[in-house]
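Understanding the architecture of this molecule
Single-letter residue listing:
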Amino acid sequence: MTQTVKRNLSITAIIVASVAAGMVLTADLGWMTGSSAQQVAVEGTIPPIALPSFADVADRVMPAVVSITSTEIISPSDQRGRGVNPFDFFFPQPGQRRPGVPEEDFPRPSGGSGFIISPDGYIITNNHVVERASKIEVHFANGNRTASAEVIGRDPATDLALLKINVEDSLPTVRLGDSERLRVGDWAIAIGNPHQFENTLTVGVISATGRSLGLSDATRSFENFIQTDAAINQGNSGGPLLNLRGEVIGINTAIYATGQNIGFAVPVNIAKKIYPQLKERGRVVRGYLGINIDEIDQGYQEAFGLPNADGVLVQSVSPDSPAAAAGLRRGDVVIRVDDVVVKRSRDLIDYVSDQPPGTRVRVEVIRNGDRRTIVVPTGERPADGVAVTRPDERENPESARSKIGISVQELTPDARRTFGIGAGVNGVLITHVRPVSPAGEAGMIDGDVIVELNGEAVRTAGDVQRIVERAQSRQYLRFYVTRTFRGQSNSSYFVVRVP
């Protein structure tokens, strides 16, 4: 090969290498503008999508988003007895009392957000923003105007409240969307006043729907939250969660304190449903049966011999309730109410709560393998009861412990005093539950009283021992248990799988 040919080949190799290197750099750093051919999606891939601007939504909605300051008068006894707010959206608390200064009442400001839904000044926010307030002020028009607000109605069950401000001019409003049409992955826009930074907009997506958080006894039965990663912070509470059309799809309500960008909003369809009652009555009246229910999982399905996991299990029936009077029993599995098929708790709760008190509903249940229909006139739903927490653990090994992890004894007067169990509760006392055991994993705790086991009433430790011993491996045992805390007794089923 001649010297000239070698030189030409070397030059060609350098040019090729340079072009290749340039393509790598520009591809990595985004310096090249793609041609139309490069924009064509490869078959089987998702085509590129242009990101939207949220400026139009901000321009249209921000004038209707308000900042709310509520002032609560705190007494020394209130301060000592006040627990942690589960929604965690209030301003920082006042500092400690100075030595030598006598204790006295003091005002405590707290804050949140809201949005105007009618030109004459009706505003939706969260109940926990205003529920204890003695004075409420609404700041609007980008904070340039302030008006005193009146609480028109509150609904602790959904954590929503309706306020009213009186102004002479017509106010800007937001449009309400349809939260039933939400899909995971849809854009979500939150506007509010986090940490008193008025009219802050954050953007994310719908992370999940139908979340239940157990925030409080009042909300537990009706929780159906939208989860979003649009940043929500203290002060966003009560503000709108929006779609790309600027329609409200939710009311920002809670944050997951130990997580990042895990926020929750009440679906706007709930607000639309209760708004007329809040405006007219100041509260929400709901239908009520008087039963405590639970989802059917695999354990319940096998233990009760059910054909599938559809329906809800009646854990207990409240005394003197419509359900008790009509003949519903614990252990019934509700599969239909009127023409509504009940697959999950939400189906039954939503339908019954929408019925006015006095409505006769047909409840179809499975009882001991047989189907029957029971007509129940709905009552008015009362406030929910007191939460149950776990008593202290006490060690007392007894029989049945080796198989499912519990120790039991007869319910003596001393045992009643120790665990605070009233005279109306009868059965066999669980004195200890091994944390790592079938019973511990099922949620049973020390101080529980076994009333029934596999449908049989039990009165002695021998009754429990006999039923547990004859159970086969991998069989489910069906415990009906009463738990007492601070004088309040609640009963429910626990399903324990024998190892």
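Every chain is numbered independently, its residues counted from 1 as its sequence is written. Restriction of local features to residues with pLDDT of at least 70 applies here, the model being predicted, together with a cutoff of 80 or more for giving and counting side-chain atom pairs; totals for whole chains, interfaces and linings are based on all residues. Note: side-chain values were computed over all heavy atoms of the structure, leaving out hydrogens and water.

Next up on the list: the pairing of strand E12 (residues 247–255). Along E12, nine of the nine residues are buried, which leaves the element largely enclosed by surrounding structure. Pairing geometry for strand E7 (residues 175–176) and E12, over two bridges, is parallel. Paired with Leu-176 across the two strands is Val-248, which belongs to E12. When DSSP locates at least two bridges between a pair of strands, those strands are taken to pair. Numbering of helices and strands starts at the N terminus; helices are DSSP runs of H or I of at least 4 residues and strands are runs of E of at least 2. When strand E11 (residues 240–242) meets E12, the two strands line up antiparallel, connected through three bridges. Residue pairing in the sheet places Leu-242 in a bridge with Val-248 of E12. Following E11, the chain reverses through four residues before pairing antiparallel with E12; Gly-246 in that reversal takes a positive phi of roughly 80 degrees. Relative to strand E13 (residues 263–267), E12 is paired through five bridges, and the arrangement is antiparallel. Note on E13: the bridge partner recorded for Gly-250 is Pro-267. The buried label goes to any residue with under 20% of its type's maximum accessible area, the exposed label to any with over 50%, and the partly exposed label to all in between, with areas taken from a 1.4 Å probe on protein chains only.

A word on the environment of Thr-200. Residue placement: Thr-200 occurs in strand E9 (residues 200–211). For Thr-200, the contacting residues outside a window of four places in its chain are Ala-190, Ile-191, Gly-192 and Pro-194. In this description, contact between two residues means that some pair of their heavy atoms is separated by no more than 4.5 Å.

Below, the discussion takes up empty space enclosed by the protein. Throughout, the protein atoms alone are placed on a 1 Å grid, and a set of points is a cavity if a 1.4 Å probe fits but cannot get out or a pocket if it is open with protein on both sides within 12 Å along at least five of seven lines; lining residues have an atom within 4 Å of a point. Grid points are joined across faces, edges and corners, and a volume is the space filled by probe spheres set on the points. All chains considered together, the criterion is met by three cavities of 30 Å³ or more. Every residue lining the largest cavity is counted, 13 residues in all, and those nearest its centre are Thr-158, Phe-222, Glu-223, Phe-225 and Val-266. Amino acids outside the nonpolar list (Ala, Val, Leu, Ile, Met, Phe, Trp, Tyr, Cys, Pro) and the charged list (Asp, Glu, Lys, Arg) are all regarded as polar, and Gly is one of them. Considered class by class, the residues forming the lining of the largest cavity number eight nonpolar, three polar and two charged.

Moving on, we get to the packing of aromatic side chains. For any pair of aromatic rings, the description rests on two quantities: the centre-to-centre distance and the angle between the ring planes. Only the six-membered ring of Trp is used, alongside the rings of Phe and Tyr, when aromatic pairs are assigned; centres must lie within 6.5 Å, and planes under 30 degrees apart are stacked while those over 60 apart are edge-to-face, with the rest tilted. Using the criterion set out here, one finds five aromatic pairs in the structure. Each ring, one from Phe-304 and one from Tyr-493, has its centre 5.5 Å from the other, and the planes form 80 degrees; the classification is edge-to-face. Of this pair, Phe-304 sits in the loop between helix H6 (298–303) and strand E16 (312–317) while Tyr-493 sits in strand E27 (residues 488–497), and the two are 189 residues apart along the sequence. There is no split in this pair, since Phe-304 and Tyr-493 are both buried. We count a charge as sitting over a ring when the NZ of a lysine or the CZ of an arginine lies within 6 Å of the ring centre and within 35 degrees of the ring normal. The ring centre of Tyr-480 lies 4.2 Å from the NZ or CZ of Arg-330, which sits over that ring. Positioned above the aromatic ring of Phe-304, the side-chain terminus of Arg-478 is 4.5 Å from the ring centre.

By convention in these notes, a salt bridge is any Lys or Arg side-chain nitrogen within 4 Å of a carboxyl oxygen on Asp or Glu. Applying the stated criterion to the full structure yields 20 salt bridges. One salt bridge connects Glu-137 with Lys-135, and the closest N-O pair in it is separated by 3.8 Å. A residue is classified by how much of its surface remains accessible, and Glu-137, at 25% relative accessible area, is partly exposed. The shortest N-O distance in the salt bridge between Glu-456 and Arg-466 comes to 3.6 Å.

Across the protein chain, the average pLDDT comes to 82, with 79% of residues at 70 or higher. You can read pLDDT as the predictor saying how much it trusts each residue, on a scale of 0 to 100. No element of the protein chain has a lower mean pLDDT than helix H1 (residues 3–29), which averages 43, and none a higher one than E11, which averages 97. Below pLDDT 50 for its whole length, residues 88–102 participates in 29 contacts with residues either more than four positions away or in separate chains. A low-confidence stretch, residues 384–399 stays under pLDDT 50, and its non-local contacts, those more than four residues away or across chains, total 39 contacts.

We now examine helix H8 (residues 345–354). Restricting attention to buried positions, one finds in H8 the residues Ser-345, Leu-348, Ile-349, Val-352 and Ser-353. Buried residues of H8, seen end-on, are gathered within an arc of 110 degrees and therefore sit on one face of the element. Where the residues of H8 are buried, they touch strand E14 (287–288), strand E15 (291–295), E16 and strand E17 (333–337). Our arc is simply the arc of the directions from the helix axis toward the C-beta atoms.

To continue, consider helix H5 (residues 268–280). For a helix, the expected span equals 1.5 Å multiplied by the residue count minus one. The terminal C-alpha atoms of H5 lie 19 Å apart, and with 13 residues this matches the ideal 18 Å at 1.5 Å per residue to within 8%. What we call the bend at a residue is the angle made by axes fitted to the seven residues finishing there and the seven residues starting there. Helix geometry: H5 is bent most strongly at Ile-274, by close to 40 degrees, with proline Pro-276 lying one to four residues after it. Of all the positions in H5, only Val-268, Asn-269, Ile-270, Ala-271, Ile-274, Tyr-275 and Leu-278 are classed as buried. Lining the buried residues of H5 we find strand E3 (122–126), strand E5 (145–155), strand E6 (160–165), E7, E12 and E13. Immediately downstream of H5, the backbone of Gly-282 shows phi near 85 degrees, a positive value.

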